[in-house]
Every structure is written in structure tokens, then in C-alpha cells.
Amino acid sequence: MQDVNNVQRMCEEDEIDLRELFRTVIKNKKIILLTTSVITFLAVVYVFIKTPIYEATALIEIGSYKVNNNNNNNNNNNNNNRELLDNASQLSKKLNVLFIDMYKNKEDATSKVVSISPSKKQSKFLDIKAQGISNKEAVGSIEMVLKYIQSSHQDVLDDVKNRREFEIANIQKQIESINNIQLPQLQSKLELYERTLQNYQNSIKEIDKSVKKIESKNPALAALKLMEKKELLESVLKINSQLLDLKAKEENLKTLNITSLQERIEVLKSMLLPYNYKNTQIVGEILTDNHPAKPKKVLIIVVAFVTGLILSVFLVFFLEFVRGFKEEDELDSGSNFNDG
């Protein structure tokens, strides 16, 4: 029974406390309304005075070039057949230094790049975000970064093209050397060997005729002629072998070397075509919004209103606490005076 009475007493005290709190709020409602209104009004003034900041974003695709002429691969953008002009992670670090860190302390800047990072989805994309006092200013910052990237990447593309053109020129020189030097030299050797072979064959015929005439009259001389014929036949065999090697070499130069070099030139020429080179560019277009990104007017005003309300209620209770504390001091002072 005693526990039930204690519970009822606690509930009554809580009810009294809540009533007192509510009465305090109602009694000081003007202070609460005034404080909340002032803070909210200051927030409204701030959001309308504060210069609006607009935001622009863009997705930039890093350029690439074709590294071989694989006809089996019809997708020119396949990473297995193209070389990127830069590494997205390394490039983003470099751009952060150049366009974010170095511009931090720049005064009177009407726009700035706020973030440059590799895309989480694919390794060949960069996400760029810029802010400015207008969409035009924010877009201009992104275009400035893009222009810098394209300029440096164009140098890479030009270097690749120059190397390929240089390789074509070297191959053409090789073909000219084969046609103008190596083949004429081979043909001269072939003609020399053919004349020598013809002379040896004529000499063998002459020996055969001589042997028939002197075979019965001078056997010793006939034997010497036959030995001479044998040496000539060996020379003929040797020259024939050399002729075959020279003709094989000539054929190899004409068919294999020149043909393969010409094919390589055609491949390089096809790789010089414009569609094989792709500079860094924006995917789609730079995205902007007609509403400023900063300040967030509604959010600031709502937060200011709630903050003002909380602060004003706290102020009221604090003032009531101070007032009550003073009243207790006055009562204590009065009682001590009467006792005296």
C-alpha cells in the first residue's frame, strides 16, 4: 500500500513540474518569439545577402590511341587494342595540385575547381566538380582544366604520330635500299656467275672436241685434258650452287622482305587515320543547375528557426532559474533580519 502511495506522489510531482514548465514557457512567450524571430530574421538576411554559388560537374574520358591494327577486333574502343594517354589516378593527383592546391589562397576568385577524382566505375574517367558565382564561371573552370589536359595529351598523340611516320620513312628507305643497292648487286653477281658458267661450259665442250682428236695419237695429253675437264665440272657445280643461293636470296628480297615491308607500311598508314586517335574529352556535356548549390536557403532558415527556438527556451529557463535563485536569497536575507 505504501508503494502505491509513493508512485502516486511521484506522478503528481511530475505533473506539477510539467505544468510549471509549461507555465514558464507561456509566461515568457514574448521572449521566445522575439529571440526565435531575430535569429530567423538574421538567417533570412544572410541567405539573401550571401553571394549564391553555382555548381558544375563533368565526366571526362581520358583519350587513347590504337596500338595495333587487329582486324579481328571491330571495337576500336576496346582497351585491349588501345593505349590510354594517361593514368586516371596519377592524372587526378597532378590536377589537384595544379588547379586546387595552388588556387586555394587566390583572392577575388569568382570560380574554383573543388574536386578532381578518378571515376569509381571505370579507370579511364575523371569526375570534375567546380563552383562559381554563376554557371558560366563554374563551367569556365572545368573548361580550363579540360584545355590543359587536352593540350598535354595532344603532345602525346603528336609524338605517337611522328614516331609512326618516322617508322614509315625508315621502311621506305629499306625498300629503296633493296631495290637500288641490294638487288642490283645481286643481279650483277648473277650475271657474272652466269657468264663464268657459260665460259666453263664452252671450255668443257672444247676439251671434249680436243680429247676426241688426240685420244689415239697422244693419250698422255688426252689424260691431262680430262683432268682439266674434271676441275671445270667441279667449278660448274660450285657456280650452279652459288647461282641457286643468289637466286633464292633475290627471290626472298623481292617477295618476302619487300612484301612484308610494304604490308607494314600499309598497316602504319592505316593507323595514322584520324579515328585511331582520340584526345581527352567531356562525355556528353558539362552539367549545371539553375538553382545555386550554396547557400541552401530553406535548410539554413529552418535550422536557424529550430536553433533560435531551442536557444530562446533555454534562455527563458535560465532566466527563471536566476530569478528563483535571487528570490531565495532575498527570502533568506529577510528571515535573518527578522530573527535579529
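Engineer: Can you tell me about the overall build of the protein, naming the residues and giving the values?
Structural biologist: A count of helical and extended segments in the protein gives six helices and eight strands. Mapped from its N terminus to its C terminus, the protein presents α and β elements in the order α-α-β-β-β-α-β-β-α-α-β-β-β-α. When burial is assessed residue by residue, the protein has 26% of its 340 residues classed as buried. In the protein, the share of contacts with a sequence separation of at least 24, taken over all contacts with a separation of at least 6, comes to 78%. In the structure as shown, the protein presents an accessible area of about 23,600 Å², 55% of it carried by carbon and sulfur atoms.

Engineer: Residues and numbers for helix H3 (residues 88–99), please.
Structural biologist: Under the 1.5 Å per step criterion, the end-to-end length of H3 is 16 Å for twelve residues, consistent within 8% with the ideal 16 Å. Packed against the buried residues of H3 are strand E4 (111–118), strand E5 (125–132) and helix H4 (135–214). The N-cap of H3, judged by a side-chain oxygen 3.0 Å from the amide nitrogen of Ser-89 a few residues on, is Asn-87.

Engineer: Account for the environment of Leu-197, with residues named and values stated.
Structural biologist: Here Leu-197 shows up in helix H4. Spatially, the C-alpha atoms of Leu-197 and Lys-238 are 9.7 Å apart, while their sequence positions differ by 41 residues. Those residues in contact with Leu-197 that lie beyond four places of it in its chain are Val-236, Ile-239, Asn-240 and Leu-243.

Engineer: So what's going on with the nonpolar core? Which residues, and what values?
Structural biologist: With 27 residues, the main nonpolar core has Leu-95, Ile-142 and Val-145 as its most contacted residues. Mapped by element, the contributors of at least two residues to this core are strand E1 (54–61), H3, E4, E5 and H4. No other element matches H4, which puts eight residues into this core. If sequence neighbours within four positions are ignored, Ile-142 has contacts with Ala-56, Thr-57, Ala-58, Ile-128, Ala-130, Ile-282 and Ile-286. In terms of nonpolar packing, the next biggest core, distinct from the first, is built from 21 residues, Leu-183, Ile-204, Leu-243 and Leu-268 among them.

Engineer: Tell me about the environment of Thr-307, residues and numbers included.
Structural biologist: Counting through the fold element by element, Thr-307 comes out in helix H6 (residues 297–339). Along the primary structure Thr-307 and Thr-40 are separated by 267 residues, whereas in three dimensions their C-alpha atoms are 8.8 Å apart. A distance of 2.6 Å separates a polar atom in the side chain of Thr-307 from the backbone oxygen of Val-303.

Engineer: So what's going on with the packing of aromatic side chains? Which residues, and what values?
Structural biologist: For any pair of aromatic rings, the description consists of the separation of the ring centres together with the inter-plane angle of the planes. With the rule as written, the count across this model stands at two aromatic pairs. Aromatic pair Phe-99 and Tyr-148: ring centres 5.6 Å apart, planes at 70°, arrangement edge-to-face. In this pair, Phe-99 is assigned in helix H3 and Tyr-148 in helix H4, connecting sequence segments 49 residues apart. Judged by relative accessible area, which is 30%, Tyr-148 ranks as partly exposed. Counting every residue linked through ring pairs, the aromatic cluster contains Phe-99, Tyr-103 and Tyr-148. Looking at Lys-161, its charged tip hangs above the ring of Tyr-277, at a distance of 4.9 Å from the centre.

Engineer: Provide a residue-level description of the side chain of Gln-131, including the pertinent values.
Structural biologist: The residue Gln-131 is located in strand E5 in this model. Take Gln-131: its relative accessible area is 9%, and that puts it in the buried class. A polar contact is formed between the side chain of Gln-131 and the side chain of Glu-55, at a distance of 3.0 Å. In contact with Gln-131, not counting residues within four places along its chain, are Ile-53, Tyr-54, Glu-55, Ser-111, Lys-112, Val-114, Ala-138 and Lys-294.

What counts and how
- Residues numbered from 1 in each chain as written.
- Predicted model: local features only at pLDDT ≥ 70, side-chain atom pairs only at ≥ 80, totals over all residues.
- Heavy atoms only, no water.
- Helix = DSSP H or I, 4+ residues; strand = E, 2+ residues; numbered from the N terminus.
- Buried < 20%, exposed > 50% of the residue type's maximum accessible area, 1.4 Å probe, protein only.
- Contact = heavy atoms within 4.5 Å.
- Areas by Shrake-Rupley, 256 points an atom, 1.4 Å probe, with all protein chains shown as cover.
- Expected span 1.5 Å × (residues − 1).
- Polar contact = N/O pair within 3.5 Å; in protein donor to acceptor, adjacent residues only side chain to side chain.
- Core = buried A, V, L, I, M, F, W, Y, C linked by side-chain atoms within 4.5 Å.
- Phe/Tyr/Trp six-rings, centres within 6.5 Å; stacked < 30°, edge-to-face > 60°.
- Lys NZ or Arg CZ within 6 Å of the ring centre and 35° of its normal.

Worth remembering: the numbers are spatial, not functional.
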